[in-house]
Amino acid sequence: MGFGSPAKMRQGLIATRECSVCSIGTLTLDSYSRGCDYLSPLVDLSQGIELNGYPILSYPADTTRQILEGIQCDSFPVQMRHGTPLPMDVFKKLGEVGINATEGGPISYCMPYGRVALKDCTKAWFNASRYMQGEFEQPHLETFGGCLMGQLCPPSLLVATSILEALFFASAGIRSVSLSYCQGTSLQQDYAALTVLRNQALRYLNRLDWHVVVYTYMGMYPKSASGAEMLLRDSAGLAQTAGCERLIVKTRSERYRIPSIEDNLQALITADQAAAAITNHPGYTVRTAELQSEIEEEVQSIIESVLNLSSDLQAAIVGSFERGILDIPFCLHPDNAQQARGLVDENGQLKWAKTGNLPFKHDPSQKQKPLTPELLLWQLEYVANKYDNLAANQKGIRPK
Amino acid sequence: MHKERCLLTTIQSDSHTWNLVYMQLLLESYDYEVNNLGACVPVQTVEEAISKERLSLVVVSSVNGSGATQGRTLIRKLRQLPCAGRLRIVIGGNLTVGEGDDLCVREDLLAAGYDGVFVGPHSTQSFSQYIARNRIETCHSQVTSAYQQRHDFTITQSADQALSPPNL
């Protein structure tokens, strides 16, 4: 949640804190600020143009402190969400205003959304994380590696990246982390992936205080309000069933506009109700076990290959991308090999179309027809169409 | 028929890339070889790419609502390059924050120097038609010039005598 006006930002945080749901507050940075332009937000606001986030670096520290005054506390932490590849300015500002939780990572905030060189980004993230560790009381960093491009990425790469970014934060001295994972095209596959993520965290992060945060689908969103609600409810059910601690929601207006405070509240309440309604385990079927083992094998291969490159995680990450051991499907960053590609298969699951140099023991890629623009669109719209159709079918059988 | 080169770019503030992934596939389906510059492209990077490569087409695709303003700055700089005088440069996407601004934006960007502006609900269709026409004309002139080279005389073109385009 992010608004240009400090008053509205405070109003949103108060509303989030006072709603019935167990929630945390978020301040989301605007996109000018993500590109280090701290003047344009103020110019736009002076002309009555709304921003798409809160420009924390454009305001004096006191302005933000006043927003948080009497709201931020142990039972209502506030997290800064920002998307910057070079985060030191943001982290220093957080130190000034007293926010100790933020998120991102050297891979996830470098590759998908910009063109800052990966080696510069890893260095900047290491330095900023060290700064946090040295200057903040109880700093907390959440990985964004479980989201990456938001679509068309097979779950094993999301899980591996989330773990690798957490290890990266740990190498800078951070002791409290959360691991992101973004809902995909198949609940069954996501459940398997979350199980693998938690197992990998137990294995690699056992000295850290960690939890898992599930993100409601980050790709092209359903057009209908009821489709959007079903997708949100499913993500809440997924998080609850997979034993995850936190959920980041999407609102019914996701496809159309920046959400209002009311949109955000409604999403929180809907998600909370959906999670509470989960009474049964969805079933640990044979198929889920197969998916889990498939994902686990791929995750292990990736993590081990990256860590084997170097004990220095900065060098390991940069070297891995150079060799294509890490390769994010559809990511156009100049440092991404662009040889790996994901697809939505006929079962609606995310699989590999090609794996490039990803270090898998057995090639899991599936034969695919040549990727045309129409096929890409179909895959990008798959979840949106699925939920819009589900919602329309439900309406069809309801008595008038 | 050799492939034509197309430069695909966005504006400096735009970090969205799915539109660029889609556009690349679309251009490749019309047999272009595409250099896709990715997200957040500085003006200088576009200038360098245009100066280095032999291009038939430059496509600016942007969806973050700042394309009208930053796109205007971009085209003015590009048209100052000696090699960009006759280069086809087009722009499209969601170029403003408000929905109703399309027509004004279109006129303004054409006046600033773009050869085509593709906005509004049917922009992808119009763009596809534009590049299809562009490919036919290019193929036609390639075939014509190859024929001229072999036979050493000029051909007078007319619609009736137009050569069939290759299978698109």
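Only a predicted model underlies this, so the values are computations on that prediction, with no experimental measurement involved.

**Remarks on the overall build of chain B**
- Within chain B, the regular secondary structure consists of five helices and five strands.
- Listing every helix and strand of chain B by position from the N terminus yields β-α-β-α-β-α-β-α-β-α.
- A total of 168 residues make up chain B; the buried ones form 47% of that total.

**Overview of the packing of aromatic side chains**
Residues and elements named next belong to chain A.
- Across all of its chains, the model carries 14 aromatic pairs over all chains by this definition.
- Plain terms: the ring middles of F168 and F169 are 6.5 Å apart, the flat faces sit at 75° to each other, and that makes the pair edge-to-face.
- Of the residues examined, F168 reaches a relative accessible area of 0% and is grouped as buried.
- With relative accessibility at 0%, the residue F169 sits in the buried group.
- Here the aromatic cluster, defined as three or more aromatic residues joined through ring pairs, consists of F91, Y109, W125, F126, F144, F168, F169 and Y215.
- When the ring centre of F3 is taken as origin, the NZ or CZ atom of K8, which lies over that ring, is 4.5 Å away.

**Concerning the sheet that holds strand β4 (residues 88–93) of chain B**
Residue and element names in this part refer to chain B.
- Taken together, the five strands give an open sheet; going across it, the order is β2-β1-β3-β4-β5, and neighbouring strands pair in parallel fashion. A single partner strand is all that each edge strand has here, and the edge strands are β2 (32–36) and β5 (116–118). Going across the sheet, the axis of each strand differs from the next one's by a mean of 20°, ignoring polarity.
- The pairing of strand β1 (residues 4–9) with strand β3 (residues 57–62) spans four bridges and is classified as parallel.

**Topic: the packing of helix α8 (residues 187–204) of chain A against helix α9 (residues 225–241) of chain A**
All names here are of chain A.
- Between α8 and α9, the least distance of the axes is 10 Å, while the angle of their chain directions is 35°. Between α8 and α9 lies a crossing of right-handed hand. Seen from α8, the contacting residues are L187, D190, Y191 and L194; seen from α9, they are D234, L238 and T241.

**Observations regarding the interface of chain B and chain A**
- Opposite the 17 residues of chain B that make contact, chain A presents 15 residues.
- Interface area for chain B against chain A, summed over the two sides, is near 1,400 Å², with a carbon-plus-sulfur share of 69%.
- When the buried surface of chain B facing chain A is broken down by residue, W18(B), Y22(B) and L25(B) rank first, second and third, together holding 46% of it.
- Run the count over chain B and chain A and you get zero salt bridges.
- If you tally residues by element for the side of chain B that touches chain A, the top one is helix α1 (residues 18–29) of chain B, at seven residues.
- Among the residues making up the side of chain B that touches chain A, the classes are represented as eleven nonpolar, six polar and no charged.

**Some words on the pattern of salt bridges**
All names here are of chain A.
- On inspection of all chains with the given rule, the structure shows 17 salt bridges over all chains.
- Among the salt bridges present, the one from K119 reaches D120, with a minimum N-O distance of 3.7 Å.
- Accessibility expressed as a relative area gives 39% for D120, which makes it partly exposed.
- The salt bridge partner of R257 is D263, with a shortest N-O separation of 3.3 Å.
- A relative accessible area of 2% means that D263 is categorised as buried.
- Ionic contacts of the salt-bridge type, sharing partners, join the residues R81, E103, E142 and R246 into one network.

**Quick notes on the pairing of strand β2 (residues 78–81) of chain A**
All names here are of chain A.
- Along β2, one buried face is formed by V78 and M80 and the opposite face, lined by Q79 and R81, is buried too.
- Here strand β1 (residues 25–28) pairs with β2 via four bridges, running parallel. When the bridges of β2 are listed, T26 appears paired with Q79.
- In terms of strand pairing, β2 meets strand β3 (residues 101–104) through two bridges, oriented parallel. When the bridges of β3 are listed, M80 appears paired with T102.
- What joins β2 to β3 is helix α5 (residues 88–97), and the crossover it makes is right-handed.

**Remarks on the nonpolar core**
- By size, the foremost hydrophobic cluster in this structure holds 137 residues, and its most contacted members are L205(A), L376(A) and L27(B).
- Setting aside residues up to four positions removed in sequence, L205(A) forms contacts with I163(A), A166(A), L167(A), L179(A), Q200(A) and W210(A).
- Counting 27 residues, the second-largest nonpolar core is a separate cluster that includes I11(B), A49(B), I91(B) and V119(B).

**A word on a nonpolar patch on the surface**
All names here are of chain A.
- Judged by side-chain polarity, L39, L42 and V43 come together as a nonpolar surface patch covering roughly 240 Å² of accessible area.
- Within the element layout of this structure, V43 appears in helix α3 (residues 40–46).
- Take V43: its relative accessible area is 35%, and that puts it in the partly exposed class.

**Some thoughts on the pairing of β3(A)**
Residue and element names in this part refer to chain A.
- Neither face of β3 is exposed, since A101 and E103 on one face and T102 and G104 on the opposite face are all buried.
- Here β3 pairs with strand β4 (residues 140–143) via four bridges, running parallel. Looking across to β4, one finds that E103 is bridged to E142.
- With helix α6 (residues 118–135) bridging β3 and the parallel β4, this β-α-β connection has right-handed handedness.

**Details of the environment of L194(A)**
All names here are of chain A.
- In this fold, L194 is placed in helix α8.
- A relative accessible area of 0% means that L194 is categorised as buried.
- Sequence-wise, L194 and G243 are 49 residues apart; in three dimensions their C-alpha atoms are separated by 8.8 Å.
- Not counting residues within four places of it along the chain, the set of residues in contact with L194 comprises Y181, V212, V214, L238, A242 and C244.

**Looking at the state of the cysteines**
Residues and elements named next belong to chain A.
- For the coordinates displayed, the defined rule picks out zero disulfides over all chains.
- Of all cysteine sulfurs in the structure, the one in C147 sits closest to C244, which takes part in no disulfide; the separation is 13 Å.
- The exposure class assigned to C244 is buried, which follows from its relative accessible area of 12%.

**Here we look at the confidence of the model for chain B**
Residue and element names in this part refer to chain B.
- In the predicted model, chain B carries a mean pLDDT of 84, and the fraction of residues at 70 or more is 82%.
- Looking across chain B, the model is least confident in helix α5 (residues 123–151), with a mean pLDDT of 78, and most confident in β3, with 97.
- Confidence over residues 153–168 falls short of pLDDT 50; this stretch has 18 contacts with residues more than four positions distant or in other chains.
- The ipTM assigned to the predicted complex is 0.90, against a pTM of 0.91.

About the thresholds
- Sequence order as written defines the numbering, with residues in each chain counted from 1.
- Just so you know, chain letters begin at A and ligand numbers begin at 1, following the order they were written in.
- For this predicted model, a pLDDT threshold of at least 70 governs which residues receive local features, and a threshold of 80 or more governs which side-chain atom pairs are given and counted, while totals over whole chains, interfaces and linings are taken from all residues.
- Calculation of side-chain values draws on the structure's entire complement of heavy atoms; hydrogens and water are dropped beforehand.
- Here a helix means four or more residues in a row that DSSP labels H or I, a strand means two or more in a row labelled E, and each is numbered from the N terminus.
- The buried label applies to any residue whose accessible area, calculated with a 1.4 Å probe on protein chains only, is under 20% of its type's maximum; exposed applies above 50%, and partly exposed to all values in between.
- Stacked, tilted and edge-to-face are the three classes assigned to paired rings of Phe, Tyr and Trp, where Trp is represented by its six-membered ring and a pair needs centres within 6.5 Å; plane angles under 30 degrees give stacked, over 60 edge-to-face, the rest tilted.
- Throughout this description, the term charge over a ring refers to an Arg CZ or Lys NZ atom that lies within 6 Å of the ring centre and within 35 degrees of the ring normal.
- For two strands to pair, DSSP has to find at least two bridges joining them.
- Inter-axis angles, ranging from 0 to 180 degrees, are taken between N-to-C directions of lines fitted to C-alpha atoms, where helices are fitted over the stretch in contact.
- It is the rotation of the near helix from the far one that decides the hand of a crossing: anticlockwise by less than a right angle makes it left-handed, clockwise makes it right-handed.
- What makes two residues a contact is simply this: any of their non-hydrogen atoms within 4.5 Å.
- Buried area, as used here, totals the accessible surface that two parts lose on assembly, with accessibility defined by a 1.4 Å probe and the loss added over both.
- Salt bridge, as used here: a side-chain nitrogen of Lys or Arg that lies within 4 Å of a carboxyl oxygen of Asp or Glu.
- Gly counts as polar in this scheme, as do all residues outside two lists: the nonpolar Ala, Val, Leu, Ile, Met, Phe, Trp, Tyr, Cys and Pro, and the charged Asp, Glu, Lys and Arg.
- Orient the strands so they point away from the viewer; a crossover is then right-handed if the path from the first strand over the helix to the second runs clockwise.
- Here, nonpolar core means buried Ala, Val, Leu, Ile, Met, Phe, Trp, Tyr and Cys residues that are tied together by side-chain atoms lying within 4.5 Å of each other.
- Residues enter patches when their relative accessible area tops 30% and they take part in no salt bridge; the joining distance is 9 Å for like charges and 5 Å for the nonpolar side chains Val, Leu, Ile, Met, Phe, Trp and Tyr.
- For the area figures, the Shrake-Rupley method with a 1.4 Å probe applies, and any residue is considered shielded solely by the protein chains shown.
- To count as a disulfide, a pair of cysteine sulfur atoms needs to be within 2.5 Å.
- Looking at any residue, its pLDDT shows the predictor's confidence there, from 0 to 100.

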